[in-house]
Amino acid sequence: EERLALLGEAARLYGACGDAWNCAAAWAQLASLHQRASLYNDALSAYREAVKAFEAGGDLAGACWARTGVGSALVSAGRPAEALPLLEDAMAQHARVGDSAARSYATAQVGAALLGLGDYQAAIARFLDALALVAGDEKLCRERCLTLLQLAQAYGELGLLDWAEE
């Protein structure tokens, strides 16, 4: 609780000082913590503040990451239909920016939204797309691991448990 309050205060102070990037980073970190704590409305608010701060600082890549966070929080909140168009837009923006890690993450989050909507085949296709974006890059191990877990969940939902258990 205290950490959340301190991060919120840091974000506000960075904003007041005109430090858009650190303001945005603090909002994004606060949003991530709220999301992990299942405080989805707070996460959404903080991610939206991060988007504004990144845009104010001219960091379009950072704003894309924060928009992906908004979509991810919506999926976590059980609102995949609302998240899907936001995530598809973020995925397209990441493709234009050329950041394969960010594009992979956004693509996997599109898969998560599709999984939440019960469109398992489309979700699996997105998870496989996300994996292809980070294939062979050892620095992107985290992205691969998260996507593999989501892919296993999708296969499990389809009753293909043998593959999901591997």
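This is a predicted model, so every value here is computed, not measured.

Enquirer: Residue-level account of the overall build of the protein, with values.
Expert: For the protein, the count of helices and strands is nine helices and zero strands. Reading the helices (α) and strands (β) of the protein from amino to carboxyl end gives α-α-α-α-α-α-α-α-α. For a compact globule of 166 residues, the expected C-alpha radius of gyration is about 15 Å, and the protein comes in at 16 Å, within 12% of that figure. Seen along its three principal axes, the alpha-carbon backbone of the protein occupies a region of about 55 × 30 × 30 Å. Counting every position in the protein, which comprises 166 residues, the buried fraction comes to 43%. Pairs at least 24 apart in sequence give 48% of the contacts found in the protein among residues at least 6 apart. Accessible surface, the protein as shown: approximately 8600 Å² in total, 54% of it carbon and sulfur. Across the protein, the mean location of the 13 positive side-chain charges is 5 Å away from that of the 21 negative side-chain charges.

Enquirer: Could you give an account of the packing of helix H1 (residues 2–17) against helix H2 (residues 20–36), naming the residues involved and the relevant values?
Expert: Each pair of packed helices can be described by the angle between their axes along with the distance between the axes. Where H1 contacts H2, the two axes come as close as 8 Å, and the packing angle between them is 155°. With respect to their mutual orientation, H1 and H2 come out roughly antiparallel. Considering only the axes of H1 and H2, their crossing is left-handed. Contacts from Arg3, Leu4, Leu7, Gly8, Ala10, Ala11, Arg12, Tyr14 and Gly15 in H1 reach Asn22, Cys23, Ala26, Trp27, Gln29, Leu30, Leu33 and His34 in H2. Counted by class, the contact of H1 with H2 contains ten nonpolar, five polar and two charged residues.

Enquirer: Explain the packing of aromatic side chains to me, using residue names and the numbers behind them.
Expert: For the coordinates displayed, the defined rule picks out two aromatic pairs. Plain terms: the ring middles of Trp21 and Phe54 are 6.5 Å apart, the flat faces sit at 75° to each other, and that makes the pair edge-to-face. Residue Trp21 is found in helix H2, and its partner Phe54 is found in helix H3 (residues 40–56); the two are separated by 33 residues along the sequence. For Phe54, a relative accessible area of 8% corresponds to the buried category. An angle of 25° between the planes, with centres 5.6 Å apart, marks the rings of Trp65 and Tyr105 as stacked. Placement of Trp65 in helix H4 (residues 60–76) and of Tyr105 in helix H6 (residues 100–116) is noted, with a sequence separation of 40 residues between them. What makes Trp65 partly exposed here is its relative accessible area of 34%.

Enquirer: Summarise the confidence of the model for the protein; cite the residues concerned and give the values.
Expert: The share of residues in the protein with pLDDT of 70 or more is 96%, and the mean pLDDT across the chain is 87. Within the protein, the lowest mean pLDDT, 53, falls on helix H9 (residues 161–165), and the highest, 94, falls on H3.

Enquirer: Before we move on, could you go through H3 and cite the residues and values that matter?
Expert: Here H3 is 17 residues long and its end C-alpha atoms lie 24 Å apart, about the 24 Å a rise of 1.5 Å per residue gives. Buried within H3 we find Ala43, Leu44, Ala46, Tyr47, Ala50, Val51, Ala53 and Phe54. Looking at the buried side of H3, the elements it contacts are H2 and H4. Residue Gly58 follows H3 closely and has a positive phi angle near 75°.

Thresholds applied
Residues numbered from 1 in each chain as written. Predicted model: local features only at pLDDT ≥ 70, side-chain atom pairs only at ≥ 80, totals over all residues. Heavy atoms only, no water. Helix = DSSP H or I, 4+ residues; strand = E, 2+ residues; numbered from the N terminus. Rg over C-alpha atoms; globule rule 2.2 N^0.38 Å. Buried < 20%, exposed > 50% of the residue type's maximum accessible area, 1.4 Å probe, protein only. Contact = heavy atoms within 4.5 Å. Areas by Shrake-Rupley, 256 points an atom, 1.4 Å probe, with all protein chains shown as cover. Lys, Arg positive; Asp, Glu negative; His and termini not counted. Charge placed at Lys NZ, Arg CZ, Asp CG, Glu CD. Axes fitted to C-alpha atoms, helices over the stretch in contact; angles between N-to-C directions. Parallel < 35°, antiparallel > 145°, perpendicular 65-115°, else oblique. Left-handed = near helix turned anticlockwise from the far one by under 90°. Nonpolar A, V, L, I, M, F, W, Y, C, P; charged D, E, K, R; others polar. Phe/Tyr/Trp six-rings, centres within 6.5 Å; stacked < 30°, edge-to-face > 60°. pLDDT = per-residue confidence, 0-100. Expected span 1.5 Å × (residues − 1).

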